[in-house]
Amino acid sequence: MSLVKYNSKRSFNDTPEPSGKQGSKPGKLIFVVQRHHASHLHYDFRLELEGALKSWAVPKGPSLNPKDKRLAMMVEDHPISYATFEGDIPAGNYGAGHVDIWDHGTYEPVDDNGAVITARKFAQNLDAGSIKFRMHGKHLKGEFALVHMKKDAKTWLLIKHKDKYATEEDYSSEDYAKKSSLAYTAKRNEVSVKKK
Ligand code: MN
């Protein structure tokens, strides 16, 4: 696992994002979901593992409805320090746009029966293309899975398991976005309408 790709995509004189240093961190494994309004609105889903944040871009955002199988495109590992990043990535930079933390907390890697497993075993499951984990966030709670689709290296699905935190109602992560995030999006949409 390496942050070379992360660093090579960014000029740290131009972007407020943290530069990438691999680093272990004491305590429980963390996760963060960032709402990122770049050229396209998406949610970045990140799980701490082996000194970095494994990352997926989820166009529709996570869902608590087990029927929603949300497309999750694996992207480059991010540094752990990225978990607290919010702000504007200036025009001309990779991922230019607005980033807000949508949810954060800790997670436990689990096996098929919901028993906690080691980070090492979890990393092996990730390589094998199927991970399960229990989330302890404000919005995201309970068990989820990320499953690799065999059609290419990057395509995964993010799926909520049926448990007491699951819902059968329609779920939109936008309903839980911060007002500041939505205001940014509204302003940007207004600008793009004027351009037409
Ligand atoms: Mn992103």
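For the structure given in this document, a descriptive report is provided here.

The rules behind these values
Residues numbered from 1 in each chain as written. Predicted model: local features only at pLDDT ≥ 70, side-chain atom pairs only at ≥ 80, totals over all residues. Heavy atoms only, no water. Buried < 20%, exposed > 50% of the residue type's maximum accessible area, 1.4 Å probe, protein only. Helix = DSSP H or I, 4+ residues; strand = E, 2+ residues; numbered from the N terminus. Pairing = 2+ DSSP bridges. Donors = N, O, S within 2.8 Å, 3.2 Å for Na, K, Ca; no water. Contact = heavy atoms within 4.5 Å. Salt bridge = Lys/Arg side-chain N within 4 Å of Asp/Glu carboxyl O. Arc of directions from axis to C-beta. Polar contact = N/O pair within 3.5 Å; in protein donor to acceptor, adjacent residues only side chain to side chain.

### A few points about the pairing of strand β9 (residues 155-160)
Along any regular strand the residues' side chains alternate between the sheet's two faces. Here β9 lies mainly inside the structure; 6 of its 6 residues are buried. Side chains Thr155, Leu157 and Ile159 project from β9 onto one buried face, and the interleaved Trp156, Leu158 and Lys160 project onto a second face that is buried too. Pairing between strand β4 (residues 69-78) and β9: 5 bridges, direction antiparallel. In the strand pairing of β9, methionine 73 is matched with threonine 155. What sits between the antiparallel neighbours strand β8 (residues 141-148) and β9 is a turn of 6 residues.

### Regarding the coordination of the manganese ion
Protein coordination of the manganese ion is provided by His36 (ND1), His42 (NE2) and Asp44 (OD), with donor distances spanning 2.2 to 2.3 Å. If you list the donors of the manganese ion from N- to C-terminus, the spacing comes out as H-x5-H-x1-D. For aspartate 44, a relative accessible area of 5% corresponds to the buried category.

### Here we look at the side chain of glutamate 48
Within the secondary structure, glutamate 48 sits in strand β2 (residues 41-49). What glutamate 48 contacts, discounting residues up to four positions off in sequence, is Lys25, Lys28, Leu29, Ile30, Leu53, Ile80 and Tyr107.

### Considerations on unusual backbone geometry
Keep in mind that most residues, glycine aside, have a negative phi and that most peptide bonds are trans. In this model, glutamate 50 sits at a positive phi of 50°, which is unusual for a non-glycine residue. With respect to the element layout, glutamate 50 can be found in the loop between β2 and β3 (52-58).

### Details of the pattern of salt bridges
Enumeration over the complete set of coordinates arrives at 11 salt bridges. Across the salt bridge formed by arginine 70 and aspartate 68, the nearest N and O atoms sit 3.3 Å from each other. Exposure remark for aspartate 68: the relative accessible area of 22% places this residue in the partly exposed category. Across the salt bridge formed by glutamate 86 and lysine 178, the nearest N and O atoms sit 2.5 Å from each other. Taken as a pair, glutamate 86 in the loop between β4 and β5 (87-89) and lysine 178 in the loop between β9 and α3 (179-195) lie far apart in primary sequence, 92 residues in all. For lysine 178, a relative accessible area of 36% gives the class partly exposed.

### Some details on helix α2 (residues 119-128)
Burial in α2 covers these residues: Phe122, Ala123, Asn125 and Leu126. The arc that holds every buried residue of α2, seen down its axis, measures 160°, which confines them to one face. Turned more than 90 degrees away from the buried face of α2, the exposed residues are Arg120, Asp127 and Ala128. In this fold, the buried residues of α2 make contact with β2, β3, β4, β6 (97-110), β7 (130-136) and β9. Glycine 129, located one to two residues past α2, shows a positive phi value of around 95°.

### Re the environment of aspartate 163
Tracing the backbone shows aspartate 163 in the loop between β9 and α3. Along the primary structure aspartate 163 and tyrosine 82 are separated by 81 residues, whereas in three dimensions their C-alpha atoms are 30 Å apart. Among residues more than four places away in sequence, those in contact with aspartate 163 are Gly142 and Glu143. Engagement of the side chain of aspartate 163 in a polar contact is seen with the backbone nitrogen of tyrosine 165, the distance being 2.9 Å.

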